[in-house]
Structures are given as structure tokens and as C-alpha cells.
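# Commentary on secondary and tertiary structure
Spelled out from the first residue to the last, the chains are:
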Amino acid sequence: MRLEAAARMDVFRKLWRARKLIVVVFIPLSLLPLPLVHPTSEACCAYVLMVTAVYWVSEAVPLGAAALVPAFLYPLFGVLKSSEVAAEYCKDTTLLLMGVICLAASIEKWNLHKRIALRMVMIAGAKPGMLVLGFMCCTVFLSMWLSNTSTTAMVMPIAEAVLQQLICTGLADSHDDSETGDAPEEDSAVSTKEENLDKNQLELLYQNEQNECCKQDLCSFTEGQAGEPNGFGLQPVLNKTFVRQTNGHLPQVAIEIPNVKRVRARRDSQYPTKRDHMICKCLSLSITYAATIGGLITITGTSTNLIFAEQFNTRYPEAKVINFGTWFIFSFPIAIIMLVLTWLWLHFLFLGCNFRETCSLSKKRKTRREMMSEQRIQEEYAKLGPISYPEVVTGIFFILMTLLWFTREPGFVPGWTSLFERKGYRTDATVSVLLGFLLFLIPARRPFSSSSPSCSNSEDSSDSDPLAPMITWKDFQRLMPWEIVILVGGGYALAAGCKVSGLSVWIGRQLEPMSGLPPWAVTLLACLLVSAVTEFASNPATLTVFLPILSALSETLLINPLHTLIPSTMCVSFGVMLPVGNPPNAIVFSYGHVKISDMVKAGFGVNLIGVAVVMLAITTWGVPLFNLTEFPAWAVARNVTGGL
């Protein structure tokens, strides 16, 4: 019996290891009767859609590779010609993304993002509540222009340095949380404090003597196995500590930590008090949530926004309502409300309701640890030195790109495109590519200056070449997410196949029983559905599957498609309850401060906040902005064409 049980377990293990290969082979074969029994264009398109969707959700193959499935299945089944499918993989949004990546490469190369982050944190202060709010504000701002993953990977090492300073100061003086660096006190209070300090020092000496052997063993273990992490998730080298690189997104950032003798060498002694652990949890989770919120604000903030914009403009070419300005006007209030409510939720969950203690800006209420944390942040900022010429150029390009996006077609006044005779030729991608191209030409060294700029990349050749540009092709290629480009292209190809084959019209007819529901109820159901699915599947893949279905549903129910598509696009970013929900979650989880239960508990509240705020927006200021009360003419034309 035991041998049989062991054999069964061995078979199960082998099947589990080969689960991805089984999915890749079994799913196409099991669904193959659909196009064979019903050899219609709708059935063939549905087959391709289901195979691609299963590959995306299960991640049996890389997302980019799964996005290539329509490129060979559509021509094989006669849904689209090969040339027509290929044209879908490079659209206007691809060029828009390339221009934005050029600017992001310049921002990261010249450390402008780090300067902005540290300056905003310095303004906020080191009180736990204000520190969390400061990090959230700078993360939201950076995530508007950089990818959520890049922003999180950049801000987390800065936050980790502050947290390690907090932990080490607490371990060195764990009984002195109430010490303040303020006005002079009475003599009796001073003498009492000195006695308490002497007691604490004696206790620390006694505990150090008792644990001397334990610490010597720990040191020898660390020296003997330099490549393995210690109990604190850090690798000590001399008087510095390097954060472990646990995934492809985390850089190895050196964090200077004072040489403090730790009281205990157990894992649970990493945090001096439970409150310190709560601060670490709160700050870590706030960064990933803030990155998600910031990505909602701009049309280029996250890949799902780009997917929506391109699919919407492709399906409804007569609709001139979605651009950088209108999206920003709609989403910016959402982000501000979500930022405040998320901060309050995290503060309540991890820091309690004593806002007076955690958010006071008074210097008299600062503890020693808070003063040390502020000093640490100021030291990091001082290392950047004075603002450099490349940073100034990058900042000018950043402001110029934003202004040109806003003023292209603001809606309430004629934009700068009205200066040209031919209309409709210039888009946001035109501005993005133009400014990105100029960054390859403008020298990084100030004209008529002998000094060379300093950047984070030591291999840069700008020191030897006085005409070296702001960015090189290597800088661009290092940040360009080609997998996302192919994934977005695969979504466009699926949408084109659904349109040509008539599958979207067929799906819309099957959803006619929902016609009795009011528009807000349909939108709420769509938001809840996509926000649940995206917890287990990638955000771009989820949105790519749902957009054609929701578009057909809106046309069938005679609802303005924007009423369902925009909220669904935003809610698909709320996959914040699990580490696998999105890359920023995985980055924050890898630092070891939070457990999955913490992410589920906090993420569930953030998810509800997001859906509620988005529903509030689409039923209030979204109505006059997008004229949601009536079924638009551009949707009527699309509906009539699709029916034919």
C-alpha cells in the first residue's frame, strides 16, 4: 500500500511539473471540435479567442508568446489575412509608448526621479503617518509618467533605507521611544531620564553578555556563507547592507546602516516593537497601492489605459472624445480621492486612529528615531549634489510634453492642431515621438562647459565624448517593454477578428436579457467582474478579453460604451490583493515586511474603495464630460455597420 501511495504521489508530482505543457497541448485539442463542427467565421474566431484567453490566464506560456497565437491561427482558419493581422501589432499607441519610454529613460538615467522622491519625503517629514503620505504622493506622481513596476522598484529601496534606519535605531534604543529633541526640561525630569538610560544600558550589556556565543555563531555563519541571506533578509558586508535581489525588478541598492549590536539574533527580533513592524507593513503596501493609483491618472500611466485607448479608437473611429486631456480631467479627481481614502484605510489598519500622534508636524513631538530617519533622508538627498544640466533638460522636456498633450485638443478651446490645415493627422504619439527623438540628439553636457555630467550608469561614455546625447539606444532598450507591445498588439488582433467575423455582434445578442438593468447596474457588475478576475490573471490580458464583450453589450443595450469601458479599464488595475496580482505587489512582497494575509486584508479594502470611487466618478462628473446620458451617433454608426 505504501509503495502504491508513493507511486501515485510521484505521478502527481510529475503531472504537476508538466502542468503548463499539458495546458498548452490539451486546451487547443479539447476546443478543436468547435470550429470543425461549426465551420463559421464566428466559431473560428471564438476558438482563437478562447485558446488565447486560457493561455493568458493560466500563463502556461509567456504573455508575449501567447499574444502571437492570433497571428497564425487567424490566417489558418480564414478569419483575417496574414497582412491584416500583422498590421494590428503596431499601432499609434506603440509609438506613443516608445516616446514616453525615451523620456522615462532620461529621467532614470540622470536620477531626476530620485531627487523628486526624496524632496517630497523631506517635505512630508518623518512622522509615521506623514511619512507614509509623503511616499504615497511621490509614488503617485512618478507613476503618472513611469510604469508602475519601474516606480515601485525605484521607490522601495529608498523606503527600505528609511525603514532599516528606523529598525536599527529602535534596536539600539528600544526603551527610549518617548525621547524628544525639543526644548529644555526640568532638572528632576533630566535626572530621571539619565537613571532610565543607565538602566537600559545595563540591561543591554547583560543581554549582550548572555547572547555573546549566539552572536559569534551568527557572525561565523554569515562569514562562512556570504552568498546566503541571514535571518533579517539582508546580506551584511563590512558596515553596509545590500538588499537581496529576489526578482528581475529589484536593483541591488546599498544601504548604509550604523554598526548596532543587536539584542537577539532570532527572526522575530528584526522589529524592536510591534508598532515598528506595523509601520513597515503600512509603508511597504502604501507604495504598491500608490503606484496603481498613479497609473490611472494619465493615458500612458499603465498599459491597460493604452489598450483601452487604442481598441476604443479602432472600434469607434468617429469618436473624438478620448485624449490625454479628457482622460486626465476624469481620472485626476479619482486618484486624489483614492489616495486620501487609501491612506486613511492603511493608517486605520496598521497605525490606528491616533492621527494627532502620527501626523503631527511639530518638532517638539518628534522622537529620536524620527529625527534619525529625517537625517537619513537628508543625507541621501545630499549625495545627489546640486541639480545638474541633464536634469534640467529632462525636466523641461517633461513639462513640455505634458503641456503639448494637454493643449493638442483640449475641447473647450481650439488646440494647437487647429494651426494646421489638415485635421486628424496629429495625435499624442506625434508629440511623444518628436520629443523622444530629440533626446537622442541633445548633448548631455552643457554647451561651452568643460565639466562632465554625472549619472548612475558608470559605463556611460559621456565623460569621453563631449557630444554624447542625453540617452543612448541602450538606455532606451533597457526600459522598453517589448512584451507589453506584443501583448497589446495581440489584443488589437483579437478585437479585429471579433469585428470582422461578427463574433462581437453574436455575443451582444446573447446578452440582451440584461437590457432591463439600468446603466449604473451594468457598469457595477462589469467592474466587480473584472476586478475579481484580475486578481488571478494579468491586467492587460483581462482587459483585452473583456473589452470586445463589454463593447458589444453596450451597443446591444443602447448604453454609451464609455459608461462601461472606462470604469472597467480602471477597475482592471485593482488587482492588489495577492502578490501575483501585478509586478508592484510582487516587488513589495519580496522585501519580507508583509505576509499574504496582510495583502489580502489591506487589498480588499483598497479594491472596494477603488470600485466605489470609480462608480461615483462615472455617475457624476463623468456624465457631462463624456455626455453619457445619450447613445452617441458614433456608436449608432458602429452598431448599424456591425449588424450589416
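Residues numbered from 1 in each chain as written. Predicted model: local features only at pLDDT ≥ 70, side-chain atom pairs only at ≥ 80, totals over all residues. Heavy atoms only, no water.

Moving on to the pattern of salt bridges. Applying the stated rule across the entire model yields five salt bridges. The partner of Glu391 in a salt bridge is Arg115, and the shortest N-O contact between them spans 2.6 Å. Of the two residues, Glu391 is situated in helix H19 (residues 389-408) and Arg115 in helix H9 (residues 112-124); the sequence distance between them amounts to 276 residues. Arg115 gets classed as buried once you look at its relative accessible area, which sits at 8%. A salt bridge links Glu555 to Arg315, with the nearest nitrogen and oxygen atoms 3.1 Å apart. With a gap of 240 residues between them, Glu555 in helix H25 (residues 539-557) and Arg315 in helix H15 (residues 303-315) connect regions that are remote in the sequence. Assigned by exposure class, Glu555 and Arg315 land together as buried. (Salt bridge = Lys/Arg side-chain N within 4 Å of Asp/Glu carboxyl O. Helix = DSSP H or I, 4+ residues; strand = E, 2+ residues; numbered from the N terminus. Buried < 20%, exposed > 50% of the residue type's maximum accessible area, 1.4 Å probe, protein only.)

Moving on: the confidence of the model for the protein chain. Per-chain confidence: the protein chain averages 75 in pLDDT, with 75% of residues scoring 70 or above. Averaged pLDDT values for the elements of the protein chain fall to 34 in strand S1 (residues 234-237) and rise to 92 in helix H26 (residues 561-571). Of the regions scoring below 50 in pLDDT, residues 171-269 engages in 112 contacts with residues more than four places distant in sequence or in other chains. Below pLDDT 50 for its whole length, residues 456-462 participates in eleven contacts with residues either more than four positions away or in separate chains. (pLDDT = per-residue confidence, 0-100. Contact = heavy atoms within 4.5 Å.)

Turning our attention to a nonpolar patch on the surface. On the surface, Met9, Val11, Phe12, Leu15, Ile22 and Phe26 cluster together into a nonpolar patch covering about 580 Å² of accessible area. Secondary structure elements with two or more residues in the nonpolar patch: helix H1 (2-17) and helix H2 (19-31). Here the element with the most residues in the nonpolar patch is H1; it accounts for four residues. By the element assignment, Val11 lies in helix H1. (Patch = residues over 30% accessible without salt bridge, like charges linked within 9 Å, V, L, I, M, F, W, Y side chains within 5 Å. Areas by Shrake-Rupley, 256 points an atom, 1.4 Å probe, with all protein chains shown as cover.)

Attention now moves to the packing of H19 against helix H20 (residues 428-439). Packing of H19 against H20 brings their axes to within 9 Å, and their N-to-C directions diverge by 160 degrees. As judged from the angle between their axes, H19 and H20 are roughly antiparallel. The element H19 and its partner H20 pack so that their crossing is right-handed. In this structure, H19 uses Phe397, Leu400, Met401, Leu404, Trp405 and Arg408 to contact H20, whose residues at the interface are Asp428, Val431, Ser432, Leu435, Leu438 and Leu439. (Axes fitted to C-alpha atoms, helices over the stretch in contact; angles between N-to-C directions. Parallel < 35°, antiparallel > 145°, perpendicular 65-115°, else oblique. Left-handed = near helix turned anticlockwise from the far one by under 90°.)

Think of an α-helix as turning once every 3.6 residues; residues three or four places apart then point the same way. A rise of 1.5 Å per residue sets the reference length of helix H4 (residues 41-58), with its 18 residues, at 26 Å; its end C-alpha atoms lie 26 Å apart and thus fit the reference within 8%. Those residues of H4 that fall on the buried side of the exposure criterion are Ala43, Cys44, Cys45, Ala46, Tyr47, Val48, Leu49, Val51, Thr52, Ala53, Tyr55 and Trp56. (Expected span 1.5 Å × (residues − 1).)

With that out of the way, let us pick up the side chain of Arg115. Side-chain polar atoms of Arg115 contact the backbone oxygen of Leu384, separated by 3.5 Å. Looking at Arg115, its side chain comes within polar contact range of the main-chain oxygen of Gly385, at 3.0 Å. Apart from residues no more than four positions distant in its own chain, Arg115 is found in contact with Tyr381, Leu384, Gly385, Pro386, Ile387 and Glu391. (Polar contact = N/O pair within 3.5 Å; in protein donor to acceptor, adjacent residues only side chain to side chain.)

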